[in-house]
Amino acid sequence: MPQPPFGRLITAMVTPFGPDGAVDLDRVRKLAGHLVDAQNHDALVINGTTGESPTTTDAEKSDLIAAVVAEVGDRAKVLAGVGTNSTRHTIELAKQAEQAGADGLLVVTPYYSKPPQDALLAHFTAVADATQLPVMLYDIPHRSGVPIETATLIELAAHPRIVAVKDAKGLLVASSTVIAATELAYYSGDDAFTLPLLSVGGVGVVGTSTHFTGARTKTMIEKFLAGDLAGAIADNQSLLPVFTGVFATQGCMLVKAGLAARGFGPAVVRQPLLPASDQQAAAFVALLDAAGL
């Protein structure tokens, strides 16, 4: 089986901020190193929505990519989230990410605008044409407002630099159809769908709870690939409360609360988000404790 383009285990990394709300590049580097070295990651997404990309400036985005690239070196790949609801701005961010040293691009469906499928095809093609970096499409219709339809995904797969999909659509038959018809590497965009997606030809996950579950999620994936289905199912069941619990409220808020409880604080977010309440944070940390994380 060929190795997927960005490995098996990827996390959409949160962006650490200081008490004043400024990007804390020292903690950015510390967290990136921890995820790669202690949590066994193959790649990290920087400037995804879990990284609060709607609230960071373009200059901050460039600094974040450069800091993580310098920290992880050749130990992991760095994907830059560059998607916006403006094709021109997305292209600008893609070029900036390439200059900052990113290994690939994560491009979400333009949100709110709800472009028709021919417009999505033109958008993703223009972004993929703009740099030499490989592209992972991010299909998340419950947030973007519109899916990338099966026929569109199959057509986009013909582009030499569109190589993967972060699949948060939750439709296994649709995903199976694209996997069967293309060479796109399918990554689960929902932690709890990782094992089900593997069963139809998926390759891994771009996770959120994987800030904490990463090493054990990687083991689950490896067990599945090695034919240890019972072991993979047992791992999935043991991690499922955390896979789902991280989304009990906004995922970034709970990840930051959990990281603060594990010594990676403070749990500062930028508005419109607010820090998780004491009750929300305690409930999520209890899930981590119960899972032995």
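Residues numbered from 1 in each chain as written. Predicted model: local features only at pLDDT ≥ 70, side-chain atom pairs only at ≥ 80, totals over all residues. Heavy atoms only, no water.

## Let's talk about the overall build of the chain
Operational definition: Each helix is a run of DSSP H or I of at least 4 residues and each strand a run of E of at least 2, with the numbering of both proceeding from the N terminus. Atoms counted for the radius of gyration: C-alpha only. Globule rule: 2.2 Å times the number of residues to the power 0.38. Only protein chains enter the calculation, and the probe is 1.4 Å; a residue is then buried if its accessible area is under 20% of its type maximum, exposed if over 50%, and partly exposed in between.
Helices and strands together make up the secondary structure of the chain, namely 12 helices and eight strands. Radius of gyration (C-alpha) of the chain: 18 Å, near the 19 Å computed for a compact globule of 293 residues. By principal-axis analysis of the C-alpha atoms, the chain measures approximately 45 × 45 × 35 Å. Within the chain, buried positions represent 53% of all 293 residues.

## Describing the environment of Ala-76
Mapped onto the fold, Ala-76 is located in the loop between helix 2 (58–72) and strand 3 (77–81). Of the residues examined, Ala-76 reaches a relative accessible area of 8% and is grouped as buried. Separated by 69 residues in sequence, Ala-76 and Gly-7 place their C-alpha atoms 8.7 Å apart.

## Focus: the pairing of strand 2 (residues 43–46)
Regular strands show a simple pattern: their side chains alternate between the two faces of the sheet. How we decide: Paired strands, as defined in this entry, are two strands with at least two bridges between them according to DSSP. Crossover handedness is defined here as right-handed if the route from the first strand over the helix to the second strand goes clockwise, with the strands pointing away from the viewer.
Every second residue of strand 2 is oriented toward a common face, with Ala-43 and Val-45 on one face and Leu-44 and Ile-46 on the other, all of them buried. Note: strand 1 (residues 9–12) against strand 2, three bridges, orientation parallel. Residue pairing for strand 2: Ala-12 is matched across the bridge by Val-45. The parallel pair strand 1 and strand 2, bridged by helix 1 (residues 25–37), forms a crossover whose chirality is right-handed. Where strand 2 and strand 3 come together, four bridges link them in parallel fashion. Across the sheet, the residue bridging to Val-45 is Leu-79, located in strand 3.

## A word on the nonpolar core
The line we're drawing: In plain words, nonpolar cores are sets of buried Ala, Val, Leu, Ile, Met, Phe, Trp, Tyr and Cys residues tied together by side-chain atoms within 4.5 Å. Two residues qualify as a contact provided that any one of their heavy atoms is within 4.5 Å of a heavy atom in the partner residue.
Counting 60 residues, the largest nonpolar core has Met-13, Leu-44, Val-68 and Leu-105 as its most contacted members. Per-element accounting of this core gives the leading share, seven residues, to helix 11 (residues 251–264). Setting aside its immediate chain neighbours within four residues, Leu-44 contacts Ile-10, Thr-11, Met-13, Ala-32, Leu-35, Val-36, Val-68, Val-72, Lys-77, Val-78 and Leu-79. Core analysis: the next-biggest nonpolar cluster, separate from the first, contains 17 residues, Phe-6, Leu-106, Ala-164 and Ala-168 among them.

## Section: the packing of aromatic side chains
The criterion, for reference: Pairs were defined over the aromatic rings of Phe, Tyr and Trp, the Trp ring being its six-membered one, requiring ring centres within 6.5 Å. Orientation was assigned from the angle between planes: stacked under 30 degrees, edge-to-face over 60, tilted for the rest.
For the coordinates displayed, the defined rule picks out one aromatic pair. An angle of 70 degrees between the planes, with centres 5.7 Å apart, marks the rings of Phe-212 and Phe-284 as edge-to-face. Highlighted residues: Phe-212 in helix 9 (residues 210–225) and Phe-284 in helix 12 (residues 278–290), separated in sequence by 72 residues. By relative accessible area, which is 8% here, Phe-212 ends up buried. Looking at Phe-284, the relative accessible area reads 2%, which means it is buried.

## Topic: the UniProt feature "active site" (unreviewed entry) in the chain
Applicable threshold: UniProt positions are given in the numbering used here, feature names are shortened, and annotations may be inferred rather than shown by experiment.
Per the UniProt annotation, the sites labelled "active site" (unreviewed entry) are Tyr-138 and Lys-166. These residues run over 29 residues, yet every pair of their C-alpha atoms falls within 4.7 Å of each other. Take Tyr-138: it is sitting in strand 5 (residues 135–139). In this structure Tyr-138 comes out as buried when scored by relative accessible area, which is 9%. When residues no more than four places from it in sequence are discounted, the contact partners of Tyr-138 are Leu-106, Val-107, Val-108, Thr-109, Ile-148, Lys-166 and Ala-168. A residue is classified by how much of its surface remains accessible, and Lys-166, at 5% relative accessible area, is buried.

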